Amino acid sequence: MLSKVEGLTPTNSTKIRYLAGEGNFAALKRKILSQRVIFSMKLIVKVFIVSFSKSRAVCADDVVYVCGKNQHRLLDSIAIEKYGVSGSYYVLDQPTRLFDRKINFKSSFVSISFRYFLILIIYLLAYVVSGNKRSLARFYVEYYNGVSSFFDKYLINTKRLIFFNDQNFEAASLVLAAKRHGKLTAVIQHGVIVAYNYYFPINCDEFWGWGDAGKKHFYSRGLKGKYLVKGRKLKEDHGLSGGYVFPDFYLDSPRLIICPSFYWAELSCFLKLLKKISRYNVDIYFKPHPATKFKFFLFFLVRSSGAEWVSSKDSIQSVAMAFDFLVTKNSSSAVDFLILGKPVFSLFSSHTDTDIFNNCLFTHNDLFHVLEGNKVEFESEKNDRRLKFLESCVGSI
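If you're wondering where the values come from, they're calculated on a predicted model, not measured in any experiment.

### A look at the confidence of the model for the protein chain
No. 1: Of the residues in the protein chain, 84% have a pLDDT of 70 or more, and the chain-wide mean is 80.
No. 2: In the model of the protein chain, helix 2 (residues 22-25) stands out as the element of lowest mean pLDDT, 77, in contrast to strand 4 (residues 184-188), which has the highest, 95.
No. 3: For the stretch residues 1-7, pLDDT sits under 50, and the model shows 19 contacts to residues farther than four places along the chain or on other chains.
No. 4: Across residues 98-109 the pLDDT falls below 50, and counting only partners more than four positions away or on other chains, this stretch makes 37 contacts in the model.

What follows is the structure, encoded as structure tokens:
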């Protein structure tokens, strides 16, 4: 599949398969006019940002592609040299916000001419007006051609490109351009794999996973790439706790933190839960996901519910050290709490027996049982499952 385009000029169908493949080709399935307008406006902003960026040639063997503030946070939290990346690696910064002061139109990503920018806009306008998927496909093809020219001019001497996410069209275009020259590409796991399609299929040649458990999902998709167990290489590495450590509700007020995902349907459930637990002897904090939209509105709702706000910029490793237990759904933030033996409570009241991740979490009902000062049931069994999960899914600690 992927290996057929290495060292060759990819066909237009190959370009579209890479660039439009995110979310099972969701971009090509938008039929309603309002959906097309909103989607096209997002693409226009992205194209405008990269079209007038300043670029320069890269001499490093390893290039790490970073898209947005969340991936910058990920890069800052890991010891990337422990993955075998050369110490003189180069960070290829993909800006995502038009008025980010750190960007200032001096990013090192794609530099495209104004004429090229207009061509891309015309294809998007044709897509909005007609709803014809062919116009959107032409946009992706032309965008790739611009990225490919950028690669030929600035990245031709690199040996390997490393990604945190290779699914979005910007990253996928860079992966395909690298493959055209036979360059190695790899994507680093940055969260718990809770579903078979969480990361997969990948566009890169290699997937650098935390532990062995992800192999099952990776190879079940019939992929030709490699799954390499690299472990979870953090700058702040906690020691593994042998058992759970529950706070004493009678001596002090435990510190509980809620860490949801960025989906507003899920956020509304957590806000309702927040009101229910506010009457207990516990200090409540709320940390939004870095990708959450309309944080200012969420901040108002959280503060009006009596909880304290924790910045999304704070590393989850430092948060795990500072708080006594966590309430989440299936967030990767649970990993650091589990390593420290601090209880993690899921939004759901029950779990399936086949989910190795959810089975080591305590339930929604357990949360209220503990808040009332009672000892949680099945603590020993949960601890065994916790250790099993960390061994298979996170690797050596």
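### A closer look at the packing of aromatic side chains
No. 1: Using the criterion set out here, one finds 19 aromatic pairs in the structure.
No. 2: Considering the side-chain rings of Y143 and F169, the 5.0 Å spacing of their centres and the 70° angle between planes classify their relative orientation as edge-to-face. Residue Y143 is located in helix 6 (residues 133-155), and its partner F169 is located in helix 7 (residues 169-180); the two are separated by 26 residues in the primary sequence.
No. 3: Classification of F169 as buried rests on a relative accessible area of 5%.
No. 4: Here the aromatic rings of F150 and Y154 are separated by 5.2 Å at their centres, their planes lie at 45°, and the arrangement is tilted. In this pair, F150 and Y154 are both assigned in helix 6, four residues apart and thus about one turn of the helix distant.
No. 5: F150 sits in the buried class, given a relative accessible area of 3%.
No. 6: Taken together, the ring pairs in this structure connect F139, Y140, Y143 and F169 into an aromatic cluster.
No. 7: Geometry around W210 places R232 over its ring, the cationic atom sitting 5.0 Å from the centre.

### Things to note about the nonpolar core
Nonpolar side chains in soluble globular proteins generally cluster together in the buried interior.
No. 1: L136, F139, Y140, F163 and L174 are the most contacted members of the largest nonpolar core, which totals 53 residues.
No. 2: Taken together, the elements giving at least two residues each to this core come down to helix 1 (12-19), helix 3 (33-51), strand 1 (62-67), strand 2 (90-94), helix 5 (114-130), helix 6, strand 3 (160-163) and helix 7.
No. 3: By residue number, the principal contributor to this core is helix 6, which donates 12 residues.
No. 4: Leave out the neighbours within four places in its chain, and L136 touches A27, L28, F39, L43, L124 and Y127.
No. 5: Membership of the second largest hydrophobic core comes to 51 residues, among which are L256, I339, L347 and F357.

### Observations regarding the pairing of strand 3
No. 1: Judged by which residues are buried, strand 3 turns out to be covered on both faces: R160 and I162 on one side and L161 and F163 on the other are all buried.
No. 2: Pairing geometry for strand 1 and strand 3, over three bridges, is parallel. Among the inter-strand pairings, D62 is bridged to a residue of strand 3, identified as R160.
No. 3: Pairing between strand 3 and strand 4: four bridges, direction parallel. Following the sheet pairing, I162 is matched in strand 4 by A186.

### What to know about the sheet that holds strand 6 (residues 226-229)
No. 1: Strand order in this open sheet of six strands is 2-1-3-4-5-6, and the pairing throughout is parallel. The sheet is open, and its two borders are formed by strand 2 and strand 6, each paired with just one other strand. Adjacent strand axes in the sheet meet at a mean angle of 25°, parallel and antiparallel pairs treated alike.
No. 2: Taken together, the five bridges between strand 1 and strand 2 define a ladder with parallel strand orientation. Bridge pairing links V63 to Y90 in strand 2.
No. 3: On the sheet, helix 4 (residues 68-77) packs against strand 1 and strand 2 and is oriented at approximately 135° with respect to strand 1.
No. 4: In the packing of helix 7 onto the sheet, the strands contacted are strand 1, strand 2, strand 3 and strand 4, and the crossing angle to strand 3 comes to about 160°.

### Points about the environment of N359
No. 1: Examined against the element boundaries, N359 turns out to sit in the loop between strand 11 (344-346) and helix 13 (364-371).
No. 2: Taking relative accessible area as the criterion, N359 reaches 10% and is therefore assigned buried.
No. 3: Taking the C-alpha atoms as reference, N359 lies 6.8 Å from R385; in sequence the two are 26 residues apart.

### What about helix 7?
No. 1: Given a rise of 1.5 Å per residue, 12 residues ought to cover 16 Å, and the 16 Å separating the end C-alpha atoms of helix 7 matches this to within 8%.
No. 2: Summarising burial for helix 7: 12 of the 12 residues are buried, a large majority.
No. 3: Taken together, the buried positions of helix 7 are F169, E170, A171, A172, S173, L174, V175, L176, A177, A178, K179 and R180.
No. 4: Directly after helix 7, the chain includes G182, whose backbone phi takes a positive value near 75°.

### Here's the deal with the packing of helix 5 against helix 6
No. 1: Running from N to C, helix 5 and helix 6 point in directions that differ by 165°, and their axes come no closer than 8 Å. The orientation of helix 5 relative to helix 6 falls into the category roughly antiparallel. Crossing of helix 5 over helix 6 shows left-handed handedness. Contacts between helix 5 and helix 6 involve Y116, L120, Y123, L124, A126, Y127 and S130 from the first element and S135, L136, R138, F139, E142, Y143, N145 and G146 from the second.

### Let's talk about the pairing of strand 5 (residues 206-209)
For a regular strand, side-chain orientation follows a simple rule: the groups alternate between the two sheet faces.
No. 1: Here strand 5 shows two buried faces, one formed by E206 and W208 and the other by F207 and G209.
No. 2: Note: strand 4 against strand 5, three bridges, orientation parallel. Looking at the pairing, I188 lines up with W208 of strand 5.
No. 3: Pairing between strand 5 and strand 6: four bridges, direction parallel. Residue pairing in the sheet places G209 in a bridge with V229 of strand 6.

Conventions used here
Residues numbered from 1 in each chain as written. Predicted model: local features only at pLDDT ≥ 70, side-chain atom pairs only at ≥ 80, totals over all residues. Heavy atoms only, no water. pLDDT = per-residue confidence, 0-100. Helix = DSSP H or I, 4+ residues; strand = E, 2+ residues; numbered from the N terminus. Contact = heavy atoms within 4.5 Å. Phe/Tyr/Trp six-rings, centres within 6.5 Å; stacked < 30°, edge-to-face > 60°. Buried < 20%, exposed > 50% of the residue type's maximum accessible area, 1.4 Å probe, protein only. Lys NZ or Arg CZ within 6 Å of the ring centre and 35° of its normal. Core = buried A, V, L, I, M, F, W, Y, C linked by side-chain atoms within 4.5 Å. Pairing = 2+ DSSP bridges. Axes fitted to C-alpha atoms, helices over the stretch in contact; angles between N-to-C directions. Expected span 1.5 Å × (residues − 1). Parallel < 35°, antiparallel > 145°, perpendicular 65-115°, else oblique. Left-handed = near helix turned anticlockwise from the far one by under 90°.

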